[in-house]
There are 2 protein chains.
Amino acid sequence: MNRPKRFLLAEDELPRQWYNIQAEMENKPMPLLNPVTKEPLKADDLAHIFAAECAKQELDQEHVWIDIPEEVFERYKYYRSTPLVRAYALEEALGTPAHIYFKNESVNPLGSHKVNSAIPQCYYCKQEGTTNVTTETGAGQWGAALSYAAKTFGLECAVYQVKISMQQKPYRSFIMRTFGATVEGSPSMSTRAGKDIITAEPNHPGSLGTAISEAVELATTTPNCKYTLGSVMSHVSLHQTIIGLEAEKQMEKAGEYPDTIIACFGGGSNFGGLAFPFMRHQLKSGSEKKIDFIAAEPNSCPKLTKGKFEYDFGDSAGYTPLIPMFTLGHTFKPANIHAGGLRYHGAGPIVSQLLKDGLMRAVDIPQLESFDAGMLFARTEGIIPAPESCHAIAATIREAMKCKESGEEKVILFNLSGHGLIDMTAYNQFINGDLVNV
Amino acid sequence: MNRPKRFLLAEDELPRQWYNIQAEMENKPMPLLNPVTKEPLKADDLAHIFAAECAKQELDQEHVWIDIPEEVFERYKYYRSTPLVRAYALEEALGTPAHIYFKNESVNPLGSHKVNSAIPQCYYCKQEGTTNVTTETGAGQWGAALSYAAKTFGLECAVYQVKISMQQKPYRSFIMRTFGATVEGSPSMSTRAGKDIITAEPNHPGSLGTAISEAVELATTTPNCKYTLGSVMSHVSLHQTIIGLEAEKQMEKAGEYPDTIIACFGGGSNFGGLAFPFMRHQLKSGSEKKIDFIAAEPNSCPKLTKGKFEYDFGDSAGYTPLIPMFTLGHTFKPANIHAGGLRYHGAGPIVSQLLKDGLMRAVDIPQLESFDAGMLFARTEGIIPAPESCHAIAATIREAMKCKESGEEKVILFNLSGHGLIDMTAYNQFINGDLVNV
């Protein structure tokens, strides 16, 4: 009965470096291209909008390990390590012989993994003399994390939140304001791009496309202001590898090694963060494929399972560089599911290459299956998961039920990327039978 | 720069017993009285509405240490120990030489310390053959915790939530429903008491008084149904001592010992939970008074600072036993502040006796000061505190600022009893300047 449930690291066991998978991939991610010249971008090109150090990390295919700066580490210590938890109660409810573990990023400041990259992005901006940061956000997890990180480094922060999301989930914009950020519903009257959209369509509900356009415009037209973002790009996944590096040490404390690693998938930051450190042992051709890596996406936005691998824009307006990605097309309009963080048309360059090379796979999950999974997880493990994380749980349950059929005692590790306390209207709709598959 | 920030206990360091301060108090708490006969109540009298083991614990003035049952401990391991955190960033913002620590109960399932007592109360009910539990809740922290605990033990759970709170903070009732509880706005049509109130006043907004009446009626008229509650009573504080027992070991790891211990105060469960284990070293007359214990209450509900010590009812309708308490009178109507958990007219029997005997003191905090403190804490430490916990933070800041004047390096420990993510409308009102002192 007295079985260990949670595994934590002492401060002196915390990782001091991030893992840069690009440096060890046999087939490197294809370069970002200038959309006009079709020439590969250099770090200097990216440094116009990003912090210079982030631009450098984005293209770094040389250094396997990147030191975590001391001031970033100090802030990681506020909440890391996050717990690795054995989900005994979920296992028992499923009647599965599988051993299910989850990495609990929901106890982080602001309730999700996003803060792991918000802190270093703001740190580098501060170091380089930037005084203002800006970004876009949909449901608001990234915007909230950035607001906190900006505040701790004394930076001003302006967030463009998709207008319809801001109206549907007002709590998240209140959170950003609590951390001192300025929050504008996008499209707004504060940028040229926003004004043009509103002029053409006064009641435009906004989209990540409009919000990215406004944030990039603000960054490029404001002195000492940089643009930041919460997923897709390779430097964001780099920062998130703190998750997997911790988990690897924690699994060792648990005396087990994962057979299967699962994370939900929007742009790739929480998936890469957990998966890449484990994947490094099976990157080389001919190396033993011990772990099955599974990205769980919504079936209403299935870029990994049904998209094409090609160069595409990162935003719907076509302002970004061309990115090599599995994509549904940058004009794809995802259905209005509650997992706002997964409503993105493309995957980041690293994951796209790994998927193409067969080093990972993807599954797609209908909305109702995701909430069924989330409800069971809440009722067994006591944590209400974010709608995004519900997709990882649903995929985990699928694998655990296969083990029940086969009798295999597989070890499954998934990432609980965030909690769902700001998304309770979604749960209420689900309980009332008002949610549908889309 | 590399200074330890968080202190955690390994599973084998977790406390295995609760501390029963009643057994070591020189002046015991005065007995609960039957309101008709004025005779002291016996455990059997209480066991009609509470689990028998809880009734026994309520009156136990003999056993100093009470074993935590194995099945309760298993569930504690899901989330305990909670972190003890050194609030460096808050200290720096204040410019105080004080060392500020907080015990972070906000990362618990359901976001507050309430689950620490919900689990054992449900466990004892289950052991004794009870199939249904019920309770009242205001803002909903306790109701949410009970819903989760009931679910893990397979008990049905019915919560009467103050109707106006249910309408103002719908997310919390959604949370309870996610854990399978039935939630009724009180007054409801499901009880005699509720019907009578609605008949007399169709638009009655409800109160803790109406909700207690309904829950007690349900418990006494339903087979195999027991009443539970989240504060005031001595067995609830007993269960909460897990907080202070952990904190004592964690302070030792930090290499410090508190000069001051602070918690917010509603009925006394989070205050007693943190304070009692430390207080045990200075209970005896003549023992050295090392620690200054401070309960922080809202100035709009000042039972400790301005109430009278006398026998009073626990509910506004006068259905409960007579309780020896510092009280504002059981018909006192607290102002509608956002710290719903502190809107209670009386203090529990143990704390009332300790206050009378000078073993602790109390301060009262205006609403705006509490939110000022909460905003500063959020922006420095990255956690948005519950409106209740903001009172503890405000009292901590007062003490820390005294240290700044005097130059004393006092060690202050406070309890962060819960997070404020369900209370974001309150923060939004504060930021907009729409909150007032009441």
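Here's what I pulled together on the structure shown here. Everything quoted here is computed from the prediction, not taken from an experiment. (Residues numbered from 1 in each chain as written. Chains lettered and ligands numbered in written order. Predicted model: local features only at pLDDT ≥ 70, side-chain atom pairs only at ≥ 80, totals over all residues. Heavy atoms only, no water.)

So, on to the packing of aromatic side chains. Each pair of aromatic rings is reported with the distance of its centres and the angle of its planes. Going through the model one piece at a time under the given rule, you end up with 33 aromatic pairs over all chains. On the numbers, 5.9 Å between centres and 55° between planes, the contact of Tyr123(B) with Phe153(B) is tilted. In this pair, Tyr123(B) sits in helix α5 (residues 115-127) while Phe153(B) sits in the loop between α6 (141-152) and β7 (156-162), placing the two residues 30 residues apart along the sequence. Under the relative-accessibility criterion, Tyr123(B) is labelled buried at 11%. The class of Phe153(B) is buried, set by a relative accessible area of 5%. Members of the aromatic cluster, joined through ring pairs, are Tyr171(A), Phe174(A), Tyr171(B) and Phe174(B). Looking at Arg75(A), its charged tip hangs above the ring of Phe153(A), at a distance of 4.0 Å from the centre. (Phe/Tyr/Trp six-rings, centres within 6.5 Å; stacked < 30°, edge-to-face > 60°. Helix = DSSP H or I, 4+ residues; strand = E, 2+ residues; numbered from the N terminus. Buried < 20%, exposed > 50% of the residue type's maximum accessible area, 1.4 Å probe, protein only. Lys NZ or Arg CZ within 6 Å of the ring centre and 35° of its normal.)

Right, let's talk about helix α17 (residues 424-431) of chain A for a bit. When we look at burial in α17(A), the residues that qualify are Met424(A), Ala426(A), Tyr427(A), Asn428(A) and Phe430(A). Where α17(A) is buried, its residues contact α15 (367-381) and α16 (387-406) of chain A together with α8 (170-178) of chain B. Following α17(A) by one or two positions, Gly433(A) adopts a phi angle in the positive range, close to 75°. (Contact = heavy atoms within 4.5 Å.)

On to the interface of chain B and chain A, then. With 49 residues of chain B at the interface, the matching set in chain A holds 49 residues. Note on chain B versus chain A: buried area summed over both sides is about 4,500 Å², and carbon and sulfur give 58% of it. Interface area lost by chain B to chain A is led by Tyr78(B), Tyr171(B) and Arg379(B), which between them contribute 17%. Across the contact surface, chain B and chain A share two salt bridges. Note that Glu74(A) and Arg3(B) form a salt bridge whose closest N and O atoms lie 3.8 Å from each other. The interface formed by chain B and chain A includes 22 residue pairs in polar contact (both at pLDDT 80 or more). Looking at the side of chain B that touches chain A, the elements with two or more residues in it are α3 (70-76), α4 (88-94), α6, α8, α15 (367-381) and α17 (424-431) of chain B. Broken down by class, the residue content of the side of chain B that touches chain A amounts to 24 nonpolar, eleven polar and 14 charged. (Buried area = accessible area lost by both parts, 1.4 Å probe. Salt bridge = Lys/Arg side-chain N within 4 Å of Asp/Glu carboxyl O. Polar contact = N/O pair within 3.5 Å; in protein donor to acceptor, adjacent residues only side chain to side chain. Nonpolar A, V, L, I, M, F, W, Y, C, P; charged D, E, K, R; others polar.)

The next thing to look at is the pairing of strand β11 (residues 292-298) of chain A. Residues and elements named next belong to chain A. Buried residues dominate β11, accounting for six of its seven residues. Examined bridge by bridge, strand β10 (residues 260-264) and β11 share five bridges and lie parallel to one another. Counted as the bridge partner of Thr260 is Asp292 from β11. On the question of chirality, the crossover connecting β10 to the parallel β11 by way of helix α12 (residues 269-279) is right-handed. Pairing of β11 with strand β14 (residues 361-365), which is carried by five bridges, proceeds in the parallel orientation. Residue pairing for β14: Glu297 is matched across the bridge by Asp364. (Pairing = 2+ DSSP bridges. Right-handed = clockwise from strand over helix to strand, strands pointing away.)

When chain B is fitted to chain A, the best match, at an RMSD of 0.0 Å, comes from turning it 180° and sliding it 0.0 Å along the axis. The transformation relating the two chain copies, once decomposed into turn and shift, fits a two-fold axis. Minimal C-alpha separation from the rotation axis in chain B is found for Val107(B), amounting to 2.9 Å. A shared binding surface is used by both copies, with 100% of the interface residues of chain B retained as interface residues in chain A. (Least-squares fit on C-alpha atoms with pLDDT ≥ 70 in both.)

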